[in-house]
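Architecture at a glance
For reference, the chains in residue letters:
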Amino acid sequence: MKIYISSNFNLMQTNQVWDKLNKDHEVKFGNYNDILFILQNEKLVNDNDFIVSVFYINDYSISDIKEIWKIINKSAKKNLNTFFLVKIFIQKFENLAVDHLNNFKKVELAYNLFKKKNSNVFTFFYPNNKSFFSVRNKFIIRCPLSHSGLKNLASDVYKSIQLINTKPFKLIILDCDNTLWGGVAGEDGIEKIKYGEDGEGKIFQNIQKHLKNLKTKGFVLSIASKNNENLVWETMKKRKMILQKKDFLFSKINWKEKSSNIQQSLSEINIKEDDVLFIDDSSLERAKVRKTFKKISILNSSDTENYLSELLKHERLQKYKIIKEDKKKYSQYKLKNKYEIHKKLNKGIDLKNFLKKLNQKIIFHKVDTSNIFRTEQLLNKTNQFNFTSNRYNQKQIKKILKNKNKTFQIFSLKDKFGDHGIIGLIIYFKSRDTLIVTDFLISCRVISRKIEEFIIFKILRSEKKKTIKYTF
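The following paragraphs examine the structure supplied in this document. Note that the structure is a prediction, hence the values are computed from the model and not measured. (Residues numbered from 1 in each chain as written. Predicted model: local features only at pLDDT ≥ 70, side-chain atom pairs only at ≥ 80, totals over all residues. Heavy atoms only, no water.)

**Focus on the overall build of the chain**
Across its full length, the chain carries 18 helices and 16 strands. Dimensions of the chain along its principal axes, counting C-alpha atoms only, are 80 × 75 × 35 Å. In the chain, buried positions account for 52% of the 472 residues. For the chain, contacts bridging at least 24 residues in sequence account for 70% of all contacts bridging at least 6. Split by element, the accessible area of the chain, about 23,900 Å² in all, is 50% carbon and sulfur. Of the side chains in the chain, 90 bear a positive and 50 a negative charge, and the two mean positions are spaced by 7 Å. (Helix = DSSP H or I, 4+ residues; strand = E, 2+ residues; numbered from the N terminus. Buried < 20%, exposed > 50% of the residue type's maximum accessible area, 1.4 Å probe, protein only. Contact = heavy atoms within 4.5 Å. Areas by Shrake-Rupley, 256 points an atom, 1.4 Å probe, with all protein chains shown as cover. Lys, Arg positive; Asp, Glu negative; His and termini not counted. Charge placed at Lys NZ, Arg CZ, Asp CG, Glu CD.)

Below is the structure:
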């Protein structure tokens, strides 16, 4: 991991506060006045995984701030595989009223510009904090930050990089009583459970609000609860909760063992247990699930305040890079849920006839700017049906696309339930009468539908080849 750090002041890179970052990553520090220079140096930006730009906003004019954003934005769009961590320190002016006004205008401008959505630019603001700043350092060593400020900066850079590189969960499985609301609906009664605007009920309302927000970012919500199913949905409806039945998929609300229900859900969704977070207030239920699933992540919801805090800060519940496919994730898994229900209802039917009734349609697409993020995501997150598990970033994808000897195709799926989006890709080249596949992968959401056989048949027929070889 290569990191380049630059600022408009001397970062004191020899200071021990950077030791942890230097130990785990290859870190280089730029001169204190070279921010604009390095952002316009395409080779330097391209050669690093992270560009950390640290600004002491008091030293800049309004026109400077506009120019800096313009250059960062331009550089970020050109170098999609480099992450830009922008750290902005703001110190309150103590002198003239005009300084207060200028400072307010600069801060307002910076907020409006640097908070604009860009897939690989992340901005962090540090408003006035007296312990962060040092007048002595500012005049003697051209660094406005105190030792405490530098320490905070180094720690924050380290944490940001760790979080961006952490693999998020795909599925959150929740209990109901004392997890989505306080108390037991079946015993206390729907009207007496804790949920609402006041007291402990407010905490559960905030928990649901946060879970709903996670859903919009592509996390799938499910339920595994020993409960009466009708009572659960009635509780949500009558208490006008933020989360309702429509927000959950693959839910199992019955009196079976939770580990058995979770196993069934994982089978239906087709994901691995280490992509799952299970949340329950019962130590016994958590222990049973842990015994069955060694790699599942488990969160205790019995300590209400700590539970909310854990949800907010859990590193695998953060998503810094949200692409349009993440926002579609819920609707795509909803289609998967409909498919599984349809499959159960047609259990005895012949497989060929079952698949025929799905009206499946595969559409091939060229890789371009509209889908390159999804292509990169497939290559780096698909594990089950993936012949080589080669991981390519956008730079490497573009290099393959330029290779005239190779064909790179992505494909989407539509069926009677709807549009599943881009679900796979294949990379191959031709050698006389043979087709050689170097990469072939399909999303776990649509495995076991004979799609892989259709893809191979379609390509062999279009390329007029008799033999096919796979890299595996």
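Having seen it, we continue.
**Structural notes on helix α17 (residues 394-402)**
Inspection of α17 places Gln 394, Ile 397 and Ile 400 among the buried residues, and these make up the whole buried set. Seen along its axis, α17 keeps its buried residues to an arc of 115°; they face one direction. More than 90 degrees from the buried face of α17, the exposed residues found are Lys 399 and Lys 402. Contacts from the buried residues of α17 go to α16 (372-381), β13 (406-415) and β14 (418-431). The N-capping residue of α17, defined by a side-chain oxygen 3.1 Å from the backbone nitrogen of Lys 395, is Asn 393. (Arc of directions from axis to C-beta. Polar contact = N/O pair within 3.5 Å; in protein donor to acceptor, adjacent residues only side chain to side chain.)

**Digging into the environment of Leu 243**
With respect to the helices and strands, Leu 243 occurs in the loop between α10 (229-238) and β8 (252-254). By relative accessible area, Leu 243 is classed as buried at 1%. Sequence-distant contacts of Leu 243, defined by excluding residues within four places in its chain, comprise Leu 180, Gln 208, Leu 211, Lys 212, Leu 221, Met 236 and Phe 248.

**Describing the sheet that holds strand β9 (residues 276-280)**
Read across the open sheet, the 5 strands follow the order β8-β7-β6-β9-β10; overall the sheet is parallel. Two strands lie at the open edges of the sheet, namely β8 and β10 (297-300), each paired on one side alone. Adjacent strand axes in the sheet meet at a mean angle of 20° when their direction is disregarded. Pairing analysis gives 4 bridges linking strand β6 (residues 171-174) to strand β7 (residues 220-226), with the strands arranged parallel. Bridging from a neighbouring strand, Leu 171 pairs with Val 220 of β7. (Pairing = 2+ DSSP bridges. Axes fitted to C-alpha atoms, helices over the stretch in contact; angles between N-to-C directions.)

**A look at the pattern of salt bridges**
What the rule picks out here adds up to 23 salt bridges. The residue Lys 87 makes a salt bridge to Asp 156 at a minimum N-O spacing of 2.4 Å. Residue Lys 87 is located in strand β4 (residues 83-89), and its partner Asp 156 is located in helix α7 (residues 147-164); the two are separated by 69 residues in the primary sequence. Accessibility expressed as a relative area gives 0% for Lys 87, which makes it buried. According to the relative accessible area criterion, Asp 156 is partly exposed, its value standing at 21%. Notably, a salt bridge pairs Glu 268 with Lys 252, separated by 3.0 Å at the nearest N-O pair. Pair noted here: Glu 268 is in helix α11 (residues 258-269) and Lys 252 is in strand β8, with a separation of 16 residues, a long-range link. Per residue, the accessibility class of Glu 268 equals that of Lys 252, and both read buried. Through salt bridges with shared partners, a single network forms among Lys 167, Lys 170, Asp 275 and Arg 316. (Salt bridge = Lys/Arg side-chain N within 4 Å of Asp/Glu carboxyl O.)

As far as function goes, none of this settles anything; it's purely spatial.
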